[in-house]
Amino acid sequence: MNTSFDIWLWVSAFLTLCIFSFLYKDNPFYKFAEHLFVGASNGYLVTIIWHGSLWPQGIRPIFAEGNWWLIIALIIGMLYFTRFFPRTSWLVRIPIAIVMGYGTGAAIPATIQADIMRQIQGTVLTPQNFARWNAGSTGVIWTVLLFIGVTCTLSYFYFSREHKGVLGVTSRIGIVFIMIGFGAAFGYTVMARISLLIGRIQFLLGDWLGIIQ
Amino acid sequence: MKKRIPLLLVLIFGIAGIIPYYSQYPVVQNVQSFIRNDMIRIIAAFALVLGLGSLLKVHYDKIRRHRENWEYSWVLILSFVVTAIIGLFGGRTGGGMLPTSIGSFVFNIQVIYENVNVPLGSTMFALLAFFMASAAYRAFRARSLDATLLLVTAFIVMLGVLPLGNRISHHLPSFVQWIMDIPNVASKRGIGFGIALGSVATALKILLGIEQKWLGGTK
Amino acid sequence: MKGFEYLLKIDRRIIYLVIGVVVILPLIFPTVERVRVMAPAQSLFNAVDSIPEDKILMVDFDYDPQTMPENEPMAIALLRHAFQRRIKVAALSLYVQPLALALKALDQVTEEFNARAQTSADSIIYGRDYVLLGWQPPPIVPLLEMGISISNVYSTDYYGYRTDSLPVMQGIENFNDVGILVSISGGNAPLWWIGYSQVLYGVAVGAGLTAVSASDFYIYYQTGQFSGLMVGMKGAAEYEELVESRLRVPGERKASEAMPSLTAAHLAIMVFIVIGNIGYLMRRRT
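Residues numbered from 1 in each chain as written. Chains lettered and ligands numbered in written order. Predicted model: local features only at pLDDT ≥ 70, side-chain atom pairs only at ≥ 80, totals over all residues. Heavy atoms only, no water.

Across its full length, chain C carries 12 helices and six strands. Dimensions of chain C, computed from the C-alpha atoms along their principal axes, are close to 75 × 45 × 30 Å. For chain C, with 286 residues in total, the buried portion stands at 64%. Contacts spanning at least 24 positions in sequence make up 75% of the contacts within chain C whose residues lie at least 6 apart. Of the roughly 9,900 Å² of accessible surface on chain C, a fraction of 54% belongs to carbon and sulfur atoms. The positive charge centre, built from 23 side chains, and the negative charge centre, built from 28, are 11 Å apart in chain C. (Helix = DSSP H or I, 4+ residues; strand = E, 2+ residues; numbered from the N terminus. Buried < 20%, exposed > 50% of the residue type's maximum accessible area, 1.4 Å probe, protein only. Contact = heavy atoms within 4.5 Å. Areas by Shrake-Rupley, 256 points an atom, 1.4 Å probe, with all protein chains shown as cover. Lys, Arg positive; Asp, Glu negative; His and termini not counted. Charge placed at Lys NZ, Arg CZ, Asp CG, Glu CD.)

Structure below.
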């Protein structure tokens, strides 16, 4: 055992154990750590906003470099604070409209191209898709299976007609694919959650107590 | 006017966001650069500050009215003030006007982040491992054929992704890879089409002023 | 209570204790388990390895402490790969919180290399071999503007140096000069790089994902929108394996060391699920 005597490591270990204490029940140590987390995170946020954005992009270009037209953006940005004054709180909609409008507009062609068009291209039965699996002629089978899976999954989510007859069969096949997909997702989720725990245990046993090398 | 101006702005800037995908003319690129660099970048920084102000206001009210657990709000506000002062005046990695070391003991914002934020944030999510295990034991039941299929797939994936899976059978990891590449992709793509079409529809509704919830409650 | 009722009423604290023990013991009594490298991690490795000399590797650090155990080993393995092959690196973040973790990972790997370096040429030097560009809000700005000019977005780097004065950024104008952009993320950032930057400017994108996102992101790997993937801690272990076996870069392999614990925990959870189902089936029968 090679316990570290670095003050900060002991602080980290103490805070880690405060959070873990929640497993027994909610308690003052956990509440203290929880509030400390929110406060310290926001303190860091303020630091980076000032040093990384507000000062070099907003204030210095205007007052130190003479780019006076940027003052329009500064004024529009400050309209966010009208939210705290009921009589003028409607003005907060202006900066929201600008930022959200631009982002929403840019998202439309991005979604259509990346999430719809390219996905259709990856599904249809073309020689490029057959070759993508690097599996020779078996690639044709996998592409056909993928095509069937996608269309059957889509047919399951078509609720405008009763799932009977042909639609009943395809939606049943779709459910099979969906269940397999969710099963795979659950399996990976288990790995994800356990990984987070292992990371903390590696810190406590390795960096702090020096039990693991 | 209180509604019309924002709705008009959202439409104008929405169209501005769409244009670069369809036009590469230099004048268009220059206008886009102006909008992104000289407007949106500065405006968006204030949104983050606003979120901060709201948080502090909530906790200040909690202290003033002595609501439940009001004492912990002091912890939040004090830790915020201390870290903000150290960060703003001490610099991002030290070197600011406020000294951030006493001898070999360093306390700049980077060190505070690594030794306070990191353990707190990562441990909170580490708790999920325990809750997930407990929830899986209590709720994951093979009630039907479909649920059994889900369960069996989950077990195959959980075994196959690990080195143990390769020792059980050399084909198991390849089978798991096949599950991810074919049935998983098929189902997620089908679901993804629906989500993508829905989000495009919602985006268009926002730009055209049909969806107005973002305006908030006041008239 | 009937016998099988006990199977359905195991106290949650016993479950917590078992999970804790099966995670801790393999770490204290470690065993070596070589991971088998699968296609997604191999593809990403190959894509990074084949970056031309005049292009840069752009790394988007977009994970926060909540997903650090999965994402940080990916970042470290990727940086070891880049520095060993003397690939220039430009690091950035679309959000605030990951910036400190970017600095942590860069400092750690730089120290590893400099501890072994004999000459300045062997060393990893800031400004010559890598740059931390920093953070610019909102994310849409770097996503779209860097296709025109990187220095438009990041006129100064994280430390305040002018980016166009740094040797590492000489000849690096925009996305045309980026060999591949790897987004290491606990969320949806890799999808934004695909949807905005790749659609508009054609930049190659790879991703390091948490395992939670894996099943949703595979659809983009299948179409080739992602050049490669590292998925969860296993994906990080695979990349660590590639970096050590192909490039002989030594260093702590946190993800690989975690594999025995991960195995034990998975088996424990599977046992609990089976116990719960046995109790359920027996109750259904009576």
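With that settled, consider the interface of chain C and chain A. With 53 residues of chain C at the interface, the matching set in chain A holds 46 residues. Taken together, the links from chain C to chain A amount to zero salt bridges. Joining chain C to chain A, the criterion identifies 11 residue pairs in polar contact (both at pLDDT 80 or more). The greatest single-element share of the side of chain C that touches chain A, amounting to eight residues, is contributed by helix α2 (residues 12-28) of chain C. (Salt bridge = Lys/Arg side-chain N within 4 Å of Asp/Glu carboxyl O. Polar contact = N/O pair within 3.5 Å; in protein donor to acceptor, adjacent residues only side chain to side chain.)

What follows covers the sheet that holds strand β5 (residues 205-209) of chain C. Strand pairing within a sheet occurs via backbone hydrogen bonds; the two strands may be parallel or antiparallel. Residue and element names in this part refer to chain C. Here six strands make up an open sheet; going across it, the order is β3-β2-β1-β4-β5-β6 and the pairing parallel. The open sheet has two edge strands with one neighbour each: β3 (130-135) and β6 (226-231). If you compare each strand with its neighbour and ignore which way they point, the axes differ by 15° on average. Relative to β6, β5 runs parallel, the two being bridged by four bridges. Bridged to V205 within β6 is F226. (Pairing = 2+ DSSP bridges. Axes fitted to C-alpha atoms, helices over the stretch in contact; angles between N-to-C directions.)

Taken together, the contacts link 107 residues of chain A with 115 residues of chain B. Here chain A meets chain B over a buried area of about 10,000 Å², counting both sides, of which 81% is carbon and sulfur. On the chain A side of the contact with chain B, W8, R93 and Y102 of chain A bury the most area, a combined 9% of that side's loss. Across the pair R172 of chain A and D146 of chain B runs a salt bridge whose closest N-O atoms are separated by 2.8 Å. Those elements giving two or more residues to the side of chain A that touches chain B turn out to be α1 (7-20), α2 (28-63), α3 (71-78), α4 (93-123), α6 (138-156) and α7 (165-208) of chain A. With 27 residues, α2 of chain A is the largest single contributor of residues to the side of chain A that touches chain B. (Buried area = accessible area lost by both parts, 1.4 Å probe.)

Pairs can form between side chains of opposite charge whenever their charged atoms are close. For the coordinates displayed, the defined rule picks out 20 salt bridges over all chains. Of the charged contacts, one joins E65 of chain A and R60 of chain A as a salt bridge, the two residues approaching to 3.5 Å between their closest N and O atoms. E65 of chain A sits in the partly exposed class, given a relative accessible area of 48%. On the basis of relative accessibility, which here comes to 26%, the residue R60 of chain A falls in the partly exposed class. Connected through salt bridges with shared partners, the residues R34, E241, E244 and R253 of chain C form a single ionic network.

Omega for the peptide link from P137 of chain C to P138 of chain C comes to -15°, which places this bond in the cis form. Phi at H66 of chain B takes a positive value of approximately 50°, unusual for a residue other than glycine. Mapped onto the secondary structure, H66 of chain B falls in the loop between α2 (26-64) and α3 (70-90). For R86 of chain C, which is not a glycine, the phi torsion comes out positive at approximately 55°. As for its placement among the helices and strands, R86 of chain C is situated in the loop between α4 (68-84) and β2 (88-93). Residue R86 of chain C is classed as partly exposed on the basis of its relative accessible area, which comes to 37%.

For the structure shown, the criterion picks out 35 aromatic pairs over all chains. Aromatic side chains F130 of chain B and Y16 of chain C sit 5.7 Å apart centroid to centroid with 70° between the ring planes, which places their arrangement in the edge-to-face category. Within this pair, whereas F130 of chain B is found in helix α4 (residues 109-139), its partner Y16 of chain C is found in helix α2, the two belonging to separate chains. An aromatic cluster is defined as three or more aromatic residues linked by ring pairs; in this entry it consists of F83, F113, Y126, Y130, Y158, Y159 and Y161 of chain C. Seen from the ring of Y158 of chain C, R92 of chain B lies directly overhead, with NZ or CZ sitting 4.4 Å from the centre. The side chain of R116 of chain C reaches across the aromatic face of F113 of chain C, ending 4.9 Å from its centre. (Phe/Tyr/Trp six-rings, centres within 6.5 Å; stacked < 30°, edge-to-face > 60°. Lys NZ or Arg CZ within 6 Å of the ring centre and 35° of its normal.)

Residue and element names in this part refer to chain C. Counting all residues, the mean pLDDT for chain C is 93, and 99% of those residues have values of 70 or more. For chain C, helix α1 (residues 3-8) is the element with the lowest average pLDDT, namely 76, and strand β4 (residues 178-185) is the one with the highest, namely 98. As scored by the predictor, the complex reaches a pTM of 0.93 and an ipTM of 0.90. (pLDDT = per-residue confidence, 0-100.)

Attention now moves to the nonpolar core. Ranked by size, the top nonpolar core spans 225 residues in total, and within it I194 of chain A together with V48, L57 and M58 of chain C carry the most contacts. Here this core takes 19 residues from α7 of chain A, the largest share from any one element. Non-local contacts of V48 of chain C, meaning those with residues more than four positions away in its chain, are made with L57, L78, H81, I87, I180, V182 and Y239 of chain C. (Core = buried A, V, L, I, M, F, W, Y, C linked by side-chain atoms within 4.5 Å.)

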